[in-house]
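Now for the letters of each chain:
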There are 4 protein chains.
Amino acid sequence: MAKSKFEYVRLYELDDKLLKNVWMVVRVDGKGFHKFTTDHKFEKPNDLAALNLMNDAAKGVMSELQDVFMAYGQSDEYSFIFKRSSTLYGRRSSKIISTVCSMFTSHYLFNWNKHFKDPLIYPPSFDARVVLYPCLRDVKNYFSWRQADCHINNLYNTCFWALVQKGKLSTLDAEKRLNGTVSSDKNEILFSEFGINYNNISEIYRKGSTIVWTEKKCENGRIKKVLQLLTCDIIDNSFWNTYSASLDLKV
Amino acid sequence: MAKSKFEYVRLYELDDKLLKNVWMVVRVDGKGFHKFTTDHKFEKPNDLAALNLMNDAAKGVMSELQDVFMAYGQSDEYSFIFKRSSTLYGRRSSKIISTVCSMFTSHYLFNWNKHFKDPLIYPPSFDARVVLYPCLRDVKNYFSWRQADCHINNLYNTCFWALVQKGKLSTLDAEKRLNGTVSSDKNEILFSEFGINYNNISEIYRKGSTIVWTEKKCENGRIKKVLQLLTCDIIDNSFWNTYSASLDLKV
Amino acid sequence: MAKSKFEYVRLYELDDKLLKNVWMVVRVDGKGFHKFTTDHKFEKPNDLAALNLMNDAAKGVMSELQDVFMAYGQSDEYSFIFKRSSTLYGRRSSKIISTVCSMFTSHYLFNWNKHFKDPLIYPPSFDARVVLYPCLRDVKNYFSWRQADCHINNLYNTCFWALVQKGKLSTLDAEKRLNGTVSSDKNEILFSEFGINYNNISEIYRKGSTIVWTEKKCENGRIKKVLQLLTCDIIDNSFWNTYSASLDLKV
Amino acid sequence: MAKSKFEYVRLYELDDKLLKNVWMVVRVDGKGFHKFTTDHKFEKPNDLAALNLMNDAAKGVMSELQDVFMAYGQSDEYSFIFKRSSTLYGRRSSKIISTVCSMFTSHYLFNWNKHFKDPLIYPPSFDARVVLYPCLRDVKNYFSWRQADCHINNLYNTCFWALVQKGKLSTLDAEKRLNGTVSSDKNEILFSEFGINYNNISEIYRKGSTIVWTEKKCENGRIKKVLQLLTCDIIDNSFWNTYSASLDLKV
């Protein structure tokens, strides 16, 4: 195709290739989801439909980008990790970040009606970043960090909303009440005041959602790779040992 | 909120701040849109509903990111230019790229039903990149490049689909017929064989879509900033002169 | 030449090209020069031989890299500015930084004996960084920043060493005496206590050294480009106007 | 110290921190050394004094930057590898590159007279780059690449200069003669025509120079870390095993 004399402006593009042979983690985060979840009347402290929608969006990304071998999500965020040998888009940072973020957004909207009766009032958006990890230990600790964060936030939120919804405190008073408390205090409030044993709360709320590739035997005997949703502990090594075949763990 | 011992993995994040005081252009591109437009039966060579949807998505981005002072779109791509003084997200490249791309994607899906009767078969996605321009001349030439590209592709496609749809050529034969032809040859084919005067074709197809902020007087007398869609020539300086108040043209 | 199977490790190299069409400023700084100047018995507050050596080193860099159109030095630092259109080493950041720094270092050592009787006790080193400037105003302000810094430091040092050398204060007492003083206080101390009119102090100490390319008529009538050392004010526009032909000032 | 109103220009500086926890290799290369070695009458194909000077310069760098645990040099280049945990200069790329390059240059000039009778005619310079390696295997292969390169070049040069110096061929004819030859051909030429057994040539020419830290028992019984020069094979694992205590090999 003919080229114009203006073509030279392409020369301003700079290369943004990421280092070879390290794990790339792309984390997608909801933008302004405090307002979005309120406007769309998400249940507090956790809305199962909303989490299922996030999981569908993440599965959508993984189906389209098979170099992603694992994803972990909680609240309004999702992390995707690529095989360290991945050469997707020549490892160009902007391509990888924007594609993951766009796919996630697109699957989120596409699947909205599957999980919510009421239509979207306005379009939600996400941002994304990429972080490189050269060591398996730090890869595991990255996911441990996000799962620990899920736990810390969920314990707080569970307690906060019990105080508000059942304890009839104002949100301000609930906040004051929790100010300075540690984990055991919050467990105690939940148990003694509201009869809630935190450990009996649904695992998906306490542990977040992990998605890995796994093999399934089809009726015709063939093996097929399918996505499997887990809500287990991923801080403990047992997860990494159990799923080692599906995970890119070689150093 | 409490922090876990895993928090240290954040230290792997690298700064990706873009140079101050230069124009940032983010270009969003459809991924696999050849297949997407075929599967969704877009009219060839141009589908007005599809272009209107792209324009809605671009207006959505501009409404949310007021530092974008102009956008230009054609085919399955859209370019957004930020004021050179913009400090959005501390000018972090990944934040800017991912947010623009996610917002565009989200508004595209959100508005789909407004333009198309049939629902989406699967979710489309986009990628994005950012390019920096330090000179006004090159900013103008960037948009000239995209508009020249629009013209070159549209003339080719208009001719190609006339040969296929009206000339009953196979796509392969149409391709062969156009191989090696220059603009005047294509204009001649359109005119002599199909009675089409290329210059009479709708401007939105030949020139693409340009969106700028403009002022509108409300009934109460107040001035309001609104988005205005244009389909004019933006290679010529007259566009830049006419809209200079809305454009960030200071050097 | 034959290639080994190990050649693939080159693929880890990342591109570090700098944005086109902006001014590149490389600033070279002495490493540990507090100790170096003491060990080599530089005169305080200013050692003319040391400054002449710095200027020789800077001229050496400019002779080898003709895209540098101006340099400014003071104390143990020197800044070099490249034409905005420079394509030296494909604008690769590491090449530009390391080459300027190495050339400066090399000319510094090469010319040492020209300025100092005693040999070097150990080899001094420098570091370097590059900063990009898209606007002429900021280019001028960059050099104004360094010249203002020269003035501030030199006034302080002149006063400090007068108190120590002539006032017989300990360095600690001199420091205390100057703590909290403003410019006028220091001028007053110099004048009333030591009879020094600061404005009569040699310009090279107060203004630093500026080097530009200028034209010289040879005996045979030909015009030759030569390096010219100036010690004038470069904050004022008159410098930029006078030397505009030698400076890359086009926007 | 007072700050000027021009200080804001610092905000144009961009962060260039290198990824944590990967090996950083800085390679320094002579600039225009073909001409430099000719002008300074270096012996061909190898000048022992010149190699000893390079080794002194490399030792100088390692003495000043103790995070460098190994260096390898051949011809006019030297590679320095930093401990993967190094936090030198906050891992800022420009600081690391420029400092290594400046120190190398400075020690090269400082030690010139120790190795050469005639003074430098003009100051030589070097450039430098940094490459990141996340895997031990690739670190080893990086050094294998440079040593294989040393071998390939040295065999060629040994043969070329034998043909010129002893065979009395013009440089052009020597080049033609070697065009298309493989290693065994060159070994054969050396042996049959000039009686040279390539494997008997001094190891420093065939293998290059490797410097590591090693421990030495002082007279007073204390252990001191000293730099050790080796000319052994570093492609073979035996080097890595022997010196594993001095090398940063943990994954």
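Conventions we followed
- Residues numbered from 1 in each chain as written.
- Chains lettered and ligands numbered in written order.
- Predicted model: local features only at pLDDT ≥ 70, side-chain atom pairs only at ≥ 80, totals over all residues.
- Heavy atoms only, no water.
- 1 Å grid on protein atoms, 1.4 Å probe; cavity = no way out; pocket = protein on both sides within 12 Å on 5 of 7 lines; lining within 4 Å.
- Points joined across faces, edges and corners; volume = space filled by probe spheres on them.
- Helix = DSSP H or I, 4+ residues; strand = E, 2+ residues; numbered from the N terminus.
- Pairing = 2+ DSSP bridges.
- Expected span 1.5 Å × (residues − 1).
- Buried < 20%, exposed > 50% of the residue type's maximum accessible area, 1.4 Å probe, protein only.
- Arc of directions from axis to C-beta.
- Contact = heavy atoms within 4.5 Å.
- Least-squares fit on C-alpha atoms with pLDDT ≥ 70 in both.
- Buried area = accessible area lost by both parts, 1.4 Å probe.
- Salt bridge = Lys/Arg side-chain N within 4 Å of Asp/Glu carboxyl O.
- Polar contact = N/O pair within 3.5 Å; in protein donor to acceptor, adjacent residues only side chain to side chain.

Undergrad: Give a description of empty space enclosed by the protein that names residues and reports values.
TA: Rolled over the atoms, a probe as big as a water molecule pinpoints where empty space is left. All names here are of chain A. Following the criterion strictly, the structure yields 1 cavity of 30 Å³ or more and no others. The computed volume of the largest cavity comes to approximately 40 Å³. Lining of the largest cavity is provided by Leu51, Met54, Asn55, Gly73, Gln74, Ser75, Glu77, Tyr78 and Ser209. Of all the elements in the fold, those that place two or more residues in the lining of the largest cavity are helix H2 (48–64), strand S2 (68–74) and strand S3 (77–82). Per-element tally for the lining of the largest cavity: the top contributor is H2, with 3 residues.

Undergrad: Give me the pairing of strand S5 (residues 209–217) of chain B: which residues, what numbers.
TA: Residues and elements named next belong to chain B. When strand S2 (residues 68–74) meets S5, the two strands line up antiparallel, connected through 4 bridges. Directly across from Ala71, in S5, lies its bridge partner Ile211. Hairpin remark: S5 followed by strand S6 (residues 223–230), antiparallel, with 5 residues in the connecting loop; positive phi at Gly221, about 90°.

Undergrad: Summarise helix H6 (residues 183–194) of chain C; cite the residues concerned and give the values.
TA: All names here are of chain C. Spanning 12 residues, H6 covers 16 Å between terminal C-alpha atoms, matching the ideal 16 Å at 1.5 Å per step. Every buried residue of H6 is accounted for by Lys186, Ile189, Leu190 and Phe194. Around the axis of H6, the buried residues are gathered within 95° of arc, so they sit on the same side. Contacts made by the buried residues of H6 are with helix H4 (136–165) and helix H5 (171–178). Phi turns positive, to about 65°, at Gly195, one or two residues after H6.

Undergrad: Quick rundown of the pairing of strand S3 (residues 77–82) of chain B? Include the residues and the values.
TA: Residue and element names in this part refer to chain B. In terms of burial, S3 is largely enclosed, as 6 of its 6 residues are buried. The side-chain alternation of S3 yields two buried faces, one formed by Glu77, Ser79 and Ile81 and the other by Tyr78, Phe80 and Phe82. Across 6 bridges, the pairing between strand S1 (residues 23–30) and S3 is antiparallel. From the neighbouring strand, Val26 faces S3, where its bridge partner is Phe80. Across 6 bridges, S2 lies against S3 in antiparallel orientation. Pairing of Tyr72 across the sheet is with Ser79, part of S3. In textbook terms, the turn of a hairpin is the stretch between consecutive antiparallel strands, and for S2 and S3 this stretch comprises 2 residues, one of which, Ser75, has a positive phi near 50°.

Undergrad: Can you lay out the relation of the copies chain B and chain A for me, pointing to particular residues and giving the numbers?
TA: Under the fitted operation, chain B is carried onto chain A by 0.0 Å of movement along the axis and a turn of 180°, and the coordinates agree to an RMSD of 0.1 Å. In symmetry terms, the pair is related by a two-fold rotation axis. With an isologous cut-off of 70% or more, the 100% of interface residues of chain B that recur at the interface of chain A puts this contact in the isologous class.

Undergrad: I'd like a rundown of the interface of chain B and chain A, residues and numbers included.
TA: At the junction of the two partners, chain B supplies 52 residues and chain A supplies 52 residues. Buried area between chain B and chain A, summed over both chains or domains, comes out near 4400 Å², and the portion from carbon and sulfur atoms is 64%. Applying the counting criterion to the chain B and chain A interface returns 6 salt bridges. Lys95 of chain B is the partner of Asp127 of chain A in a salt bridge, and the nearest nitrogen-oxygen pair spans 2.5 Å. Where chain B packs against chain A, one counts 26 residue pairs in polar contact (both at pLDDT 80 or more). Sorting the residues of the side of chain B that touches chain A by element identifies helix H3 (93–110), strand S4 (126–133) and helix H5 (136–165) of chain B as the ones contributing at least two each. It is H3 of chain B that contributes the most residues to the side of chain B that touches chain A, 13 residues altogether.

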